[in-house]
Amino acid sequence: MGLTIGVDIGGTKIAAGVVDEEGTILETYKVPTPPTADGVTEAICSAVSEVSSNHAIEAVGIGAAGYVDDKRATVLFAPNINWRHEPLKDKVEQRIGLPVVVENDANCAAWGEYRFGAGQGHEDVICITLGTGLGGGIIIGNKLRRGRFGVAAEFGHIRVVPDGLLCGCGSQGCWEQYASGRALVRYAKQRANATPENAAALLALGDGTPDGIEGRHISEAARAGDLVAVDAFRELARWAGAGLADLASLFDPSAFIVGGGVSDEGDLVLDPIRKSFKRWLVGGAWRPHAQVLAAQLGGKAGMVGAADLARQG
């Protein structure tokens, strides 16, 4: 199969890209993300029509944040769009006249990294995305593993602290409450409030108060050596690495790939994640260690992965 389109549904924009068999994006088109479920479907079709006008397209892959059924057709539940058992595949296929595959967005990103990014050369890879929340994907034996009902790898909602922090999913103590961009900001605010004298650089980047701290401020301040910002990254990394150690006990991959916005800070966050992973890996002194790698495709991973999954049908 030749050219396919990958669609990445974001909170503010929907991006569609034409992708070739080598994972190269040839053309993209973006539209704002509408506020309604029907509007999102309309926007997907519009973006696909625009970007496909100059290319012979054979299939379309859509990455959706939410639970996608085992047939890769229906969005069972989406937290940020009012989709409940939404037959997205059928609706889009009827409009655009092309075969459509719907997949969870984190699975798409994981597959993109496995095929064309940091996962090349590995058969068994576990991906996590440290963004606002924590997502993931499982590739074992060169295959994306989705589980019987299509909703595997929701790593962010593994409970790591009994009766811990309330999560947006309604449970308590979920991993993403301790290892995510949202958690990073919480750590920095707490520490800046407790020891403002150690957060001078960080506070100066915002409005001068802990409440004004944003993720971008923490990254900039950490690179400048601000003690509170650096410590916030270390706390996030401690939880992220410990979680990877647990996943190693479950899946025993040859590599973990860490993506998402938090991972853009490179070794500032990855080195302490590796140290934490080594610290908490059961039997670590006697067993092989999986590599902990930085994602390579950045924000393109989901689009590229969705397009490649559509190519495979």
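For the structure itself, look to the data block above.
Report on the accompanying structure. (Residues numbered from 1 in each chain as written. Predicted model: local features only at pLDDT ≥ 70, side-chain atom pairs only at ≥ 80, totals over all residues. Heavy atoms only, no water.)

**Section: the pairing of strand 2 (residues 13-19)**
A regular strand places its side chains so that they alternate between the two faces of the sheet.
Consideration 1: Of all seven residues in strand 2, six are buried, a share of seventy percent or more.
Consideration 2: As defined by bridge partners, strand 1 (residues 3-9) adjoins strand 2 across six bridges and the pair is classed as antiparallel. Of the residues in strand 2, the one forming a bridge with Ile 5 is Val 18.
Consideration 3: Two strands pair when backbone bridges link them, and strand 2 and strand 3 (residues 25-32) are joined in this way by seven bridges, in the antiparallel orientation. (Buried < 20%, exposed > 50% of the residue type's maximum accessible area, 1.4 Å probe, protein only. Helix = DSSP H or I, 4+ residues; strand = E, 2+ residues; numbered from the N terminus. Pairing = 2+ DSSP bridges.)

**Focus: the environment of Val 60**
Consideration 1: Position of Val 60 among the secondary structure elements: in strand 4 (residues 57-64).
Consideration 2: For the pair Val 60 and Arg 311, spaced 251 residues apart in sequence, the C-alpha separation works out to 7.9 Å.
Consideration 3: Filtering out sequence-adjacent residues up to four positions away, Val 60 remains in contact with Ile 5, Val 7, Val 48, Ile 96, Leu 98, Pro 99, Val 100, Val 101 and Ala 310. (Contact = heavy atoms within 4.5 Å.)

**Observations regarding the sheet that holds strand 6 (residues 75-77)**
Pairing between the strands of a sheet is mediated by backbone hydrogen bonds and can be parallel or antiparallel.
Consideration 1: In space, the three strands of this open sheet follow the order 5-6-7, with antiparallel pairing throughout. Strands with a single pairing partner mark the edges of an open sheet, and in this sheet they are strand 5 (67-68) and strand 7 (84-86).
Consideration 2: Relative to strand 7, strand 6 runs antiparallel, the two being bridged by two bridges. Each residue of the ladder has a partner; that of Val 75, found in strand 7, is Glu 86.

**What to know about the pattern of salt bridges**
Consideration 1: Following the criterion strictly, the structure yields 17 salt bridges and no others.
Consideration 2: Asp 231 is paired through a salt bridge with Arg 191; the nearest N and O atoms lie 2.5 Å apart. Placement of Asp 231 in helix 7 (residues 227-251) and of Arg 191 in helix 4 (residues 181-194) is noted, with a sequence separation of 40 residues between them.
Consideration 3: Linked by salt bridges that have partners in common, Arg 191, Asp 231, Glu 235 and Arg 238 make up one network. (Salt bridge = Lys/Arg side-chain N within 4 Å of Asp/Glu carboxyl O.)

**Observations concerning the sheet that holds strand 11 (residues 143-144)**
Consideration 1: Strand order in this open sheet of five strands is 11-10-9-12-13, and the pairing throughout is mixed. Each of the sheet's edge strands pairs with one partner strand only, and the pair in question is strand 11 and strand 13 (291-294).
Consideration 2: Where strand 10 (residues 134-140) lies against strand 11, two bridges are found, and the strand directions are antiparallel. Considered in strand 11, the bridge of Ile 140 is made with Lys 143.
Consideration 3: Packing of helix 3 (residues 105-116) onto the sheet brings it into contact with strand 9 (125-130), strand 10, strand 11 and strand 12 (255-259), and relative to strand 10 it is tilted by some 50°. (Axes fitted to C-alpha atoms, helices over the stretch in contact; angles between N-to-C directions.)

**Details of helix 8 (residues 267-280)**
Consideration 1: Here helix 8 is 14 residues long and its end C-alpha atoms lie 19 Å apart, about the 20 Å a rise of 1.5 Å per residue gives.
Consideration 2: Residues of helix 8 that are buried include every one of Val 269, Leu 270, Pro 272, Ile 273, Ser 276 and Phe 277, and no others.
Consideration 3: On its buried face, helix 8 is in contact with strand 9, helix 7, strand 12 and strand 13. (Expected span 1.5 Å × (residues − 1).)

**Description of the state of the cysteines**
Consideration 1: Taken as a whole and judged by the stated rule, the model has zero disulfides.
Consideration 2: Here Cys 169 is not disulfide-linked; the sulfur of Cys 174 is the nearest cysteine sulfur, at 3.7 Å. (Disulfide = S-S within 2.5 Å.)

**So, the nonpolar core**
Consideration 1: Core analysis: the biggest nonpolar cluster contains 45 residues, and Ile 128, Leu 130, Phe 155, Ile 218, Leu 244, Ile 273 and Phe 277 have the highest contact counts within it.
Consideration 2: When contributions to this core are tallied by element, the ones reaching two or more residues are strand 9, strand 10, helix 4, helix 5 (200-205), helix 6 (215-223), helix 7, strand 12 and helix 8.
Consideration 3: Here the element with the most residues in this core is helix 7; it accounts for twelve residues.
Consideration 4: Beyond its immediate chain neighbours, meaning those up to four positions away, Ile 128 contacts Leu 134, Gly 135, Gly 136, Phe 155, Trp 175, Leu 244, Leu 247, Ile 257, Val 258 and Gly 259.
Consideration 5: In terms of nonpolar packing, the next biggest core, distinct from the first, is built from 31 residues, Ile 14, Val 48, Ile 62 and Val 68 among them. (Core = buried A, V, L, I, M, F, W, Y, C linked by side-chain atoms within 4.5 Å.)

Treat this as a map of the structure, not an account of what it does.
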